[in-house]
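Commentary on secondary and tertiary structure
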Amino acid sequence: DFETNSMEYEKLTDSNEEYLYKKCKIVAVVSFPYIQDVKYSQYPIFVTSNKEIQSIVSDSKIQSMYINALKSLDKKGKMELEDELIKIGATNPEVVTRSLIGEREKADMLYRKEMVNLCGIAFVFFVLAMTNIVNNLKYRIQIRKKEICIFQAIGMRYGMIKQIVFLESIILCFVSFIGAYGGAQLIGRYLYMHSDLKVFGYAYKFNNMYFVSICLITMILCILISGRIMKVNRSKNIVEDMSYIE
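Here we summarise the structure given alongside this text.

Definitions and cut-offs
Residues numbered from 1 in each chain as written. Predicted model: local features only at pLDDT ≥ 70, side-chain atom pairs only at ≥ 80, totals over all residues. Heavy atoms only, no water. 1 Å grid on protein atoms, 1.4 Å probe; cavity = no way out; pocket = protein on both sides within 12 Å on 5 of 7 lines; lining within 4 Å. Points joined across faces, edges and corners; volume = space filled by probe spheres on them. Helix = DSSP H or I, 4+ residues; strand = E, 2+ residues; numbered from the N terminus. Expected span 1.5 Å × (residues − 1). Buried < 20%, exposed > 50% of the residue type's maximum accessible area, 1.4 Å probe, protein only. Contact = heavy atoms within 4.5 Å. Polar contact = N/O pair within 3.5 Å; in protein donor to acceptor, adjacent residues only side chain to side chain. Disulfide = S-S within 2.5 Å. Phe/Tyr/Trp six-rings, centres within 6.5 Å; stacked < 30°, edge-to-face > 60°.

Considering the layout of surface pockets
- Considered as a void within the structure, the second largest pocket measures approximately 2,000 Å³ in volume.
- Taken together, 46 residues make up the lining of the second largest pocket; nearest its centre are A122, A184, F206, F211 and I214.
- Within the residue set of the lining of the second largest pocket, elements represented by two or more residues are helix 4 (101-142), helix 6 (158-193) and helix 7 (208-232).
- With 17 residues, the single largest contributor to the lining of the second largest pocket is helix 4.

Regarding helix 7
- Taking 1.5 Å per residue as the helical rise, helix 7 with its 25 residues ought to reach 36 Å, and the 36 Å between its terminal C-alpha atoms agrees with that figure.
- The set of residues buried in helix 7 consists of F211, C215, T218, M219, C222, I225, S226, G227, I229 and M230.
- Looking at the buried positions of helix 7, the neighbouring elements they touch are helix 4, helix 5 (145-153) and helix 6.
- Its side-chain oxygen at 3.2 Å from the backbone nitrogen of M209, N207 defines the N-terminal cap of helix 7.

Observations concerning the state of the cysteines
- The tally for this structure, following the rule as stated, stands at 0 disulfides.
- In this model C215 remains outside any disulfide bridge; the closest cysteine sulfur is found in C173, 8.8 Å from its own.
- Accessibility expressed as a relative area gives 10% for C215, which makes it buried.
- Unpaired in terms of disulfides, C222 finds its nearest cysteine sulfur in C173, a separation of 3.7 Å.
- Residue C222 is classed as buried on the basis of its relative accessible area of 4%.

Considerations on the packing of aromatic side chains
- This model, assessed by the stated rule, comprises 4 aromatic pairs.
- When the centroid spacing of 5.5 Å and the interplanar angle of 90° are considered together, the rings of Y181 and F206 count as edge-to-face. Residue Y181 is found in helix 6, and its partner F206 is found in the loop between helix 6 and helix 7; the two are separated by 25 residues along the sequence.
- Take F206: its relative accessible area is 22%, and that puts it in the partly exposed class.
- A connected cluster of aromatic rings, assembled from ring pairs, spans Y181, F206 and F211.

What follows is the structure in structure tokens.
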């Protein structure tokens, strides 16, 4: 019945009224759920042409118009554009002009703060992980001291033993990377679904290049650490170390 100034209409509870059904072509779908004072408007908003609206309601007027500025526009240009739009809207008392620049900047600021916090947490976890890796490598080589001495006693060169240790480290790294990738995908998507990043217009994206780079750095560090530990624990007395109690 075109009575749209009631709270029942806003909440979509006026189901007892008579509705008029017509088909129209949708040309766009927009949604701005990060506007904090929007409480009852239903999103998304379907946008069609003015001609389609006129065919339904002949005396209708444009209710809202969204304008996207150039991405290369600087802050001064955005403010000038905002002032011009407000001046245009002020010429008609029935028109309310509102800029979303402030809301978008607040959303971007919150996003950047979240990224800084996440990067800090990730760095702390990386340091703890590297500490744990060093301890595990050192322990793994230490408890295999008797085995390494036996290899040397049967004539295996020390360089070949180092290659075995390096190969084992690489295999362990690959297994860990596969598990880490699966865990990162699950945890990342879970955090994204339970955060407000989606309503700010940010899609979920997992940077595979960063992950691969971190994996390669970790693998190189593991190889270097393994070589250093092997050098420190290199046996000088094979007979004595063969009776080493683990």
